[in-house]
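Listed here are the chains, written in short residue letters.
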Amino acid sequence: MQPDGATLHDLVRDLYPLRRSITGNGVRETLALLQRVTPLAVHEVPTGTPVLDWEVPPEWNLRSAWIEAPDGRRIVDAAVSNLHVVGYSTPVSGDFQLEDLQAHLHSDPARPDVIPYRTSYYSPAWGFCLAHRQRAALRPGRYRVLIDASLEPGSLSYGEAVIPGSMPDEFVIYTHTCHPSLANDNASGMAVCAYLARWLRSAPRRLTYRVIFGPGTIGSITWLARNHEAIPRIAGGLVVALVGDRGPLVYKRSWTGASLVDRAAEAVLRQAPAGTRFIDFSPWGYDERQFGSPGFRLPVGRLTRSAEEGYPEYHSSADNLALVDPEALAGSLGVAQAILRLLEANRPLKNLSPFGEPQLGRRGLYRSLGGPASPELQRAMLWILALGDGEHDLVDACGQSGLPVDTVLEADQALRAVGLLG
Ligand code: ZN
């Protein structure tokens, strides 16, 4: 059954407080929560494993972290917000004068009331993040600091749902799992992808799907390094992330910008509410850049709403549950499903009666008083027949007609049923 926006938002709410990073128990708890929606294989890749030009880092687990003011009040506490601690902070325990502590504090003067989100994965450091207004009010004196964390050999965890289809071709869907307590970035992507995987399992498919839940950058690099044998079978893919805010949908094109997934996404997104944007490939953003790198050049596009720095709440405590809109989540899932429905059904169009317009009325397909076809269905049939020279496909029929995917697929079936399409 199709989940409604509230169901998706409930999952975002449950994912939101978990203490995620690129490794650690918070990621495992996240994957366990997602497994309630859809079965996932959980892979653990040991620290130190070479992955492409990288290496799996030590595993980080945070137990507690706080700062106590000179009067003994606890003024910053990871128990209140996960964002208060710089991700991958090394352990520390001691007393610091405010002027020495300042080098380890992070705040954003441009957004003085929010806690910014900071990490230091690959250069050892410790630090705290806090609202600039709070930081500015700190009085000189001796502050007590604790970060009780471990940074030691362990593993990187990622989840993968492999959903076999009848064809050898595969399609990857990737979403990042490494952000703690940020709702749009990327609890929204995880929630939508979990329900996408569940929906893909609900009916037989032609393509084989791999829905991957892994940390940003190092996760897709690890997956690519471990799946060499699958790479030649990958026909396309989609990175789905930051899909819960109220901004319009944005599709980022794959490397060529002209692959099947690009064409399908453009055909579907042109039907979506106004404001939808298309952007070209760029070598930054999310995990699409790993799939599109020169050694792989996999046609993987990206579906987001307000991505990267494109919204004022980005990477801060203001990216919270209120920012995520149930209808936006449901809309994002619906668009991703429509793209995949179109890719599943896609085939070259061959009109078997190509000389002039075939007589639809004789075959019960012409709309007359009380006839079966809606005006939209009628137009979809005419487009499919017009494109049926063997050089065009159903994706073209959607793109050129501007009609909804389901109408075009219904028209395709109707024409097939009367033998007008080969
Ligand atoms: Zn982010």
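Everything numeric here is computed off the predicted structure, so don't read it as measured data.

Enquirer: Help me understand the pairing of strand β9 (residues 142-152) in this model?
Expert: Across a regular strand the side chains alternate sides, sitting on one face of the sheet and then on the other. Relative to β9, strand β4 (residues 59-68) runs antiparallel, the two sharing nine bridges. Its bridge partner lying in β9, Trp60 is registered against Leu151. The pairing of strand β6 (residues 92-97) with β9 spans six bridges and is antiparallel. The residue of β9 that forms the bridge with Gly94 is Val145.

Enquirer: I would appreciate a short explanation of the pairing of strand β10 (residues 155-163) in the present structure.
Expert: Here β10 lies mainly inside the structure; eight of its nine residues are buried. Relative to β10, strand β1 (residues 41-46) runs antiparallel, the two being bridged by six bridges. Residue Pro46 lies in a different strand from β10, and its bridge partner there is Ser155. As paired strands, β10 and strand β12 (residues 208-214) are joined by five bridges and run antiparallel to one another. Opposite Ile163, over in β12, you have Tyr209 as the bridge partner.

Enquirer: Which parts of the structure should I look at to understand the environment of Ser353?
Expert: As for its placement among the helices and strands, Ser353 is situated in the loop between β17 (348-350) and α10 (375-386). Here the alpha-carbon distance between Ser353 and Gly388, two residues 35 residues apart in the chain, equals 9.3 Å. Aside from chain neighbours lying at most four places away, what touches Ser353 is Pro358 and Leu420.

Enquirer: In this structure, what is going on with the packing of α10 against helix α12 (residues 405-417)? I would like to understand it.
Expert: Packed helices, taken two at a time, are described by their axes: the angle between them and the distance between them. At a minimum axis separation of 8 Å, α10 and α12 run at an interaxial angle of 65 degrees. The angle between the axes of α10 and α12 places the two elements in the roughly perpendicular class. With respect to the hand of their crossing, α10 and α12 are arranged in right-handed fashion. Contacts between α10 and α12 involve Glu376, Leu377, Ala380, Met381, Ile384 and Leu385 on the former and, on the latter, Thr407, Val408, Glu410, Ala411, Asp412, Ala414 and Leu415.

Enquirer: Looking at this model, I keep getting lost on the nonpolar core. Mind explaining?
Expert: Soluble globular proteins tend to pack their nonpolar side chains together in the buried interior. Membership of the largest hydrophobic core comes to 78 residues, with the highest contact counts inside it found for Ile173 and Leu342. The biggest single contributor to this core is helix α5 (residues 183-201), with twelve residues. Both domain 1 (5-57 + 155-345) and domain 3 (348-417) contribute no fewer than three residues apiece to this core. Apart from residues lying up to four places away in sequence, Ile173 is in contact with Cys193, Leu196, Leu200, Tyr209, Arg210, Val211, Ile212, Leu238, Val240 and Leu340. By size, the runner-up hydrophobic cluster in this structure holds 51 residues, among which are Val85, Val92, Ile231 and Leu242.

Definitions and cut-offs
- Residues numbered from 1 in each chain as written.
- Predicted model: local features only at pLDDT ≥ 70, side-chain atom pairs only at ≥ 80, totals over all residues.
- Heavy atoms only, no water.
- Pairing = 2+ DSSP bridges.
- Helix = DSSP H or I, 4+ residues; strand = E, 2+ residues; numbered from the N terminus.
- Buried < 20%, exposed > 50% of the residue type's maximum accessible area, 1.4 Å probe, protein only.
- Contact = heavy atoms within 4.5 Å.
- Axes fitted to C-alpha atoms, helices over the stretch in contact; angles between N-to-C directions.
- Parallel < 35°, antiparallel > 145°, perpendicular 65-115°, else oblique.
- Left-handed = near helix turned anticlockwise from the far one by under 90°.
- Core = buried A, V, L, I, M, F, W, Y, C linked by side-chain atoms within 4.5 Å.
- Domains from an automatic or database assignment.

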